[in-house]
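Structural overview for review
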Amino acid sequence: MLELDAGSNPTEHTTDDTVSTPTSQLKKLSSLVCGQSFIAQQDFRMVHHAITGDAIYQVSSQGIDNKAIVEFAKSKGSAIAQMTFHERAHALKQVAQYLLERKENYYELAKATGCTRKDAWIDIEGGIGTLFAYSSLVRRELSDETAWVEDAWIPLSKHGSFGAKHILTPKAGVAVHIDAFNFPIWGMLEKIAPTLLAGVPCIVKPATEGAEMTHAVVADILASGFLPEGALQLICGQTYDLFEHLNAQDTVTFTGSAATGQKLRAHPHLNQYSIPFSMEADSVNSAILTQHANDETIDLFVREVFREMTTKAGQKCTAIRRAFVPENLLDTVQSRLIAKLQKVVVGNPELENVTMGALASIQQKHDVAKKVEQLSQDADIVFGSHLRQDFNIVAEHPEKGAFYPPTVLVCKSPNTAQAIHQVEAFGPVVTLMPYSDLTELAQLVAKGEGSLVASVVRNTDENVEHIIAKIAPWHGRVHVLDAENAKESTGHGSPLPLLVHGGPGRAGGGEELGGLRAVKHYMQRTAIQGSPNAMTQIGHSWTIGSEVFEDRVHPFKKSFDELRVGERLLTARRTVTEADIVNFACLSGDHFYAHMDKIAAADSLFGDRVAHGYFIVSAAAGLFVDAAPGPVIANYGMDNLRFVEPVKIGDTIQVELTCKQKTPKPLRDPEQKPHGVVVWDIKVKNQRNELVATYDILTLVNRD
Ligand code: NAP
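Keep in mind it's a predicted model, so treat the numbers as computed, not measured.

To continue, consider the overall build of the protein. Secondary structure summary: the protein contains 21 helices and 31 strands in total. Every one of the 704 residues in the protein was classed for burial, and the buried ones make up 55%. Residue pairs at least 24 apart in sequence account for 73% of intrachain contacts in the protein once pairs closer than 6 positions are excluded. Carbon together with sulfur atoms contributes 50% to the accessible area of the protein, which is approximately 30,500 Å² in total. Across the protein, the centroid of the 66 positively charged side chains sits 3 Å from that of the 83 negatively charged ones.

Okay, here's the thing in structure tokens:
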């Protein structure tokens, strides 16, 4: 066991479950820090089985040495910053595969959190899927470098000797991720994936409820050996003085209640060192049924609300809490929703026929009941709630589990209501409310003061542009559902790796996921100013105006490893003739007047017939390609094509081909021949040395 300082100052952290000494031989969950397991001696919090109510393990981090943990991350874990994007992505993919092979262990642990297997799938395989998605995104989109050159040359001088590029480098710090109880695996993996890909080590602090699942996954990741030591550490318990050891290169993210988030965000140390704090908190998400909804649309709406209430027993930060319905359809929606909810069987998910499990803990059950009381000051409970007498629970000891019935409230006067728009009952609870027109609807949605997601459920032929314009500023994501996409829609409640997850105001103001955007959160953007040569050296990507090398050997005869960034080929010239234009028109079928009709072309922008842009691209290839078999395997694509000046009959073109960037490709299987992608800068110029076309081509080139 680790020798740690016992004298750290705990941050204020109240809980009803704190016990001063361990009362039994229950498993003590360790923290996985500084390359070892740390087990506390006191201040344990007991975690109970959500279905049976039995105490199952205890959690404490009392006495943990946060200073050592932060130093370990920065000294050892920072090795991840030395790895390239592709190496990080490859490591992440291996981690994902390793976890997938062990997923049944996590499903087993998930039973104690009260969820069904389908619910657990979102957390376990949704989380592992996020690792896979991020790994392949980075391998596809980013160069195999440690830093990220964000944009092309920004010229800042008349003669081209001074300019700039923005470069992103991994922050020289650590990211502390504090997670909520509802997704102990996905909640961690969706945060650590972009962090590790950015090249920054992580310290994860899961919620005490469900921490056993996070622990199992982190223990497996560490055992896999795919990440550098110190790149991932886990604190199970409280954070104590952790924030006081952070500095200006560090980041904190938080998912949980607004009350806790606001308290943590106000920590003086974070303020003093301008440490970014990204928060995802309570969100009173909406679903909107449009005014002209037909019967099919009403059913879609009801199905979506039903799904959001019952999946994970409504314990999703994205779940629908407020359902806005045209006033004339309120009764119809209410009766159809209740008809579906009456068929829900709540109980132990291991028993047959059970369709909805329990909340995560008895504490959550009390919390939801309290929140429903608050909501009922504005609304009538029309179905369910803890007051429901006929609530049948399918479990051996229903009184011991954290079961809560699906609950529907109706608020007839949402304009004057408050709690409905502010209180998030984190369970299977929804409030239906009527609206009369778009203006009123927009005002009601805005009363939520910022949410993660809203769904607009419409008839397929309905234009909802105006609704979107009104509600989009209040949301991080808007899901437009209709009969056309219903079968394939990923649903209201699913945050996806490529789409942003977060929302303004009450939802915390943070932003997660969203593809590569999330990776940038852990990197520092710096505008680097200098000469083209300095920029080529810094970014490993040839910059216009920097040194070029010419060689008698054609660059297409050189292997990936022989090629140098800046290697240049200046081709022979070619004069464009009328025959070229006519032949190309016949070959391609493109007889556009600007190429073929002398009279119309005379009245056009160009004043004369011009060559097809695609002919120029083809003729350029004819000038720069080396025809003989060699290391170039294939043309991989073309980027950033611009036709700058027209090419007229009699103009003479010439091409400059410059090796701009080289990226080795990871091998899919050991049989594959090693190769890489070479990006070539292409400039086509005319006899007056004017640029007529510019673009990048990408070729696959064999390695030595
Ligand atoms: P919470 O009590 O705010 O806890 C969230 C995280 O913060 C947990 O890891 C918790 O650890 C930690 N924490 C609490 N006090 C802390 C302190 N003083 N210093 C450092 N860390 C501290 O939230 P929760 O229990 O997980 O969920 C409660 C509510 O949050 C839900 O009912 C729901 O309303 C909301 N929620 C929102 C989202 C969202 O993304 N919008 C997601 C989940 C939950 P411990 O567990 O060890 O206390």
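Back to the write-up after that little detour.
Our focus in this paragraph is the environment of Ile338. Tracing the chain through its elements places Ile338 in helix H11 (residues 330-341). Taking the relative accessible area as the measure of exposure, Ile338 reaches 13% and is therefore buried. Sequence separation between Ile338 and Ala207 is 131 residues, and the spatial gap between their C-alpha atoms is 33 Å. Residues in contact with Ile338, not counting those within four places in the same chain, are Val382 and Phe383.

Together, Ile154, Leu156 and Phe162 give the surface a local cluster of nonpolar side chains, amounting to about 230 Å² of exposed area. By the element assignment, Leu156 lies in the loop between strand S8 (154-155) and strand S9 (163-170). Given the relative accessible area of 44%, Leu156 is considered partly exposed.

Here the focus is the sheet that holds strand S29 (residues 652-664). Taken together, 5 strands build an open sheet; the order of strands is S27-S29-S30-S31-S28 and the sheet is antiparallel. Edge positions in the open sheet fall to strand S27 (568-575) and strand S28 (632-643), since each of these has one partner strand only. In this sheet, neighbouring strand axes are inclined to one another by 25° on average, regardless of whether the strands run parallel or antiparallel. Inspection of the sheet shows S27 paired to S29 by 6 bridges, in the antiparallel sense. Among the inter-strand pairings, Arg573 is bridged to a residue of S29, identified as Gln654.

Within the structure, the ligand sits among 29 residues, and Asp179, Thr208, Ser257, Ala281 and Glu424 are positioned closest to it. The separation between an oxygen atom of the ligand and a polar side-chain atom of Arg45 is 3.0 Å. Within the side chain of Thr260, an N or O atom sits 2.7 Å from an oxygen atom of the ligand. Burial of the ligand by the protein amounts to 91% of the accessible area it has alone, namely 880 Å². Residue composition of the shell around the ligand, by class: 11 nonpolar, 11 polar and 7 charged.

Here the UniProt feature "domain: MaoC-like" (unreviewed entry) sits at residues 565-664. Helix makes up 32% of residues 565-664 and strand makes up 33%, while its end C-alpha atoms are separated by 13 Å.

About the thresholds
- Residues numbered from 1 in each chain as written.
- Predicted model: local features only at pLDDT ≥ 70, side-chain atom pairs only at ≥ 80, totals over all residues.
- Heavy atoms only, no water.
- Helix = DSSP H or I, 4+ residues; strand = E, 2+ residues; numbered from the N terminus.
- Buried < 20%, exposed > 50% of the residue type's maximum accessible area, 1.4 Å probe, protein only.
- Contact = heavy atoms within 4.5 Å.
- Areas by Shrake-Rupley, 256 points an atom, 1.4 Å probe, with all protein chains shown as cover.
- Lys, Arg positive; Asp, Glu negative; His and termini not counted.
- Charge placed at Lys NZ, Arg CZ, Asp CG, Glu CD.
- Patch = residues over 30% accessible without salt bridge, like charges linked within 9 Å, V, L, I, M, F, W, Y side chains within 5 Å.
- Salt bridge = Lys/Arg side-chain N within 4 Å of Asp/Glu carboxyl O.
- Pairing = 2+ DSSP bridges.
- Axes fitted to C-alpha atoms, helices over the stretch in contact; angles between N-to-C directions.
- Near = heavy atom within 4 Å.
- Polar contact = N/O pair within 3.5 Å; in protein donor to acceptor, adjacent residues only side chain to side chain.
- Nonpolar A, V, L, I, M, F, W, Y, C, P; charged D, E, K, R; others polar.
- UniProt positions renumbered as here; feature names shortened; annotations may be inferred.

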